[in-house]
Amino acid sequence: MTNRFPIGTSPNHSPLTQDQIIQKTKIFVEASLKDAEGGHDYFHIERVLNNALLINREEGANEFIVVLGALLHDIADYKFHNGDETVGPKTARNFLSEQGVDQYTIDQVVKIIENVSFKGGNERQEFCSKELEIIQDADRLDALGAIGIARTFNYGGFKGRALYDPGVKPNLSLTKEEYKASTAPTINHFYEKLLLLKDRMNTKTGRTLAAERHRFMEQFLDHFYAEWEGKR
């Protein structure tokens, strides 16, 4: 970040620059996620941030909000808090308030956190912003391709799920509640979420990158089934 002008006040009333707030946010997020599941750890946050900055080169959105939103988007993922979707937004709001961040920026970041995740179902997204579109694409990109495959099986193992069960078919019409409560085999997740993401990207850069990663996942699935059936 290049903005060196004070935009907030810390609890001890020392003005903080955007760079300082970002550095404090990185430290806070890394410490908060030090024991996180491997697919949702601080390395995931770094990848999403890098994706978001790459996309924003074309989109030209508010970079400060993009960076804070990317850093804080998974600060308390509902999957690891008994399905409670309020923990992350509350945690982010409290932290940013303590750093003296302006109210507009806080509200934008909190709304991004509330809306960024794929949760199944067909609920209409109530909040829209260019920054949300960028972070949403950046997060979805990390669910695709080689890393997306690795994260999916890592989480499936973390939850003790089967790799694949030919007798358990993917449910393509899951409600939000069914999606959150699902214990289906890991392969089903490709059809219930991952392969749907390519057509849900918001930005030109996101769509281009997603298409390549989507093809890689399709190739993986072809190999998986061939090996499962002893054909390869």
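So, how was this worked out
- Residues numbered from 1 in each chain as written.
- Predicted model: local features only at pLDDT ≥ 70, side-chain atom pairs only at ≥ 80, totals over all residues.
- Heavy atoms only, no water.
- Helix = DSSP H or I, 4+ residues; strand = E, 2+ residues; numbered from the N terminus.
- Buried < 20%, exposed > 50% of the residue type's maximum accessible area, 1.4 Å probe, protein only.
- Contact = heavy atoms within 4.5 Å.
- Areas by Shrake-Rupley, 256 points an atom, 1.4 Å probe, with all protein chains shown as cover.
- Phe/Tyr/Trp six-rings, centres within 6.5 Å; stacked < 30°, edge-to-face > 60°.
- pLDDT = per-residue confidence, 0-100.
- Axes fitted to C-alpha atoms, helices over the stretch in contact; angles between N-to-C directions.
- Parallel < 35°, antiparallel > 145°, perpendicular 65-115°, else oblique.
- Nonpolar A, V, L, I, M, F, W, Y, C, P; charged D, E, K, R; others polar.
- Expected span 1.5 Å × (residues − 1).
- Salt bridge = Lys/Arg side-chain N within 4 Å of Asp/Glu carboxyl O.
- Left-handed = near helix turned anticlockwise from the far one by under 90°.
- Core = buried A, V, L, I, M, F, W, Y, C linked by side-chain atoms within 4.5 Å.

Points about the overall build of the chain
Tallying secondary structure elements over the chain gives 10 helices and 2 strands in all. Along the chain, helices and strands appear, N-terminal first, in the series β-β-α-α-α-α-α-α-α-α-α-α. Expressed as a percentage of its 232 residues, the buried residues of the chain come to 47%. Intrachain contacts of the chain at a sequence separation of at least 6 include 64% that bridge at least 24 residues. Counting only carbon and sulfur atoms, one obtains 49% of the accessible surface of the chain, whose full area is about 12100 Å².

Section: the packing of aromatic side chains
Under the criterion given, the structure shown has 11 aromatic pairs. Through successive ring pairs, a cluster of aromatic residues spans F153, Y164, F190, F220, F224, Y225 and W228.

Details of the confidence of the model for the chain
Considering every residue of the chain, the mean pLDDT works out to 89; 89% of them sit at 70 or more. Predicted confidence is poor over residues 1-7, with pLDDT under 50, and the contacts of this stretch with residues over four places away or in other chains come to 24 contacts. Counting interchain partners and residues more than four positions distant, the pLDDT-below-50 stretch residues 9-13 has 9 contacts.

Overview of the packing of helix α1 (residues 18-32) against helix α3 (residues 63-72)
Look at α1 against α3: their axes get within 10 Å of each other, and the N-to-C directions meet at 10°. Relative to α3, α1 is oriented roughly parallel. Contacts between α1 and α3 involve Q18, I21, I22, T25, K26, F28 and V29 on the former and, on the latter, F64, V67, L68, L71 and L72. Grouping the constituent residues of the contact of α1 with α3 by class yields 9 nonpolar, 2 polar and 1 charged.

Topic: helix α10 (residues 204-228)
A rise of 1.5 Å per residue sets the reference length of α10, with its 25 residues, at 36 Å; its end C-alpha atoms lie 36 Å apart and thus fit the reference within 8%. What α10 keeps buried is the set T205, G206, A210, H214, M217, L221, F224 and A226. Buried residues along α10 sit against α2 (42-59), α6 (130-141), α7 (145-158) and α9 (186-192). Once α10 ends, the next one or two residues include G230, with phi positive near 70°.

Let's talk about the pattern of salt bridges
A pair can form between side chains of opposite charge whenever their charged atoms are brought close. Applying the stated criterion across every chain yields a total of 8 salt bridges. Linking K130 and E133 is a salt bridge whose minimum nitrogen-to-oxygen distance equals 3.4 Å. One end of the pair, K130, and the other, E133, are both in helix α6, 3 residues apart, so they sit about a helical turn from each other. Judged by relative accessible area, E133 falls into the partly exposed class, the value being 26%. Of the charged contacts, one joins K231 and E229 as a salt bridge, the two residues approaching to 3.0 Å between their closest N and O atoms. Classification of K231 as exposed rests on a relative accessible area of 65%.

Considering the packing of helix α4 (residues 87-98) against helix α5 (residues 103-115)
Their axes nearest at 9 Å, the elements α4 and α5 cross at an angle of 160°. Here α4 lies roughly antiparallel to α5, going by the angle between them. Remark: the crossing between α4 and α5 carries right-handed chirality. Mapping the contact onto sequence places G88, P89, A92, R93, L96 and S97 in α4 and Q103, I106, D107, V109, V110, I113 and E114 in α5. Partitioning the contact of α4 with α5 into residue classes produces 7 nonpolar, 3 polar and 3 charged.

A look at the nonpolar core
Formed by 54 residues in total, the largest nonpolar core has its most connected members in L72, L96 and F190. For this core, the elements supplying multiple residues, two or more each, are α1, α2, α3, α4, α5, α6, α9 and α10. If you tally residues by element for this core, the top one is α3, at 8 residues. Leaving out residues up to four positions away in the same chain, L72 has contacts with T25, F28, V29, A92, L96, V109 and I113.

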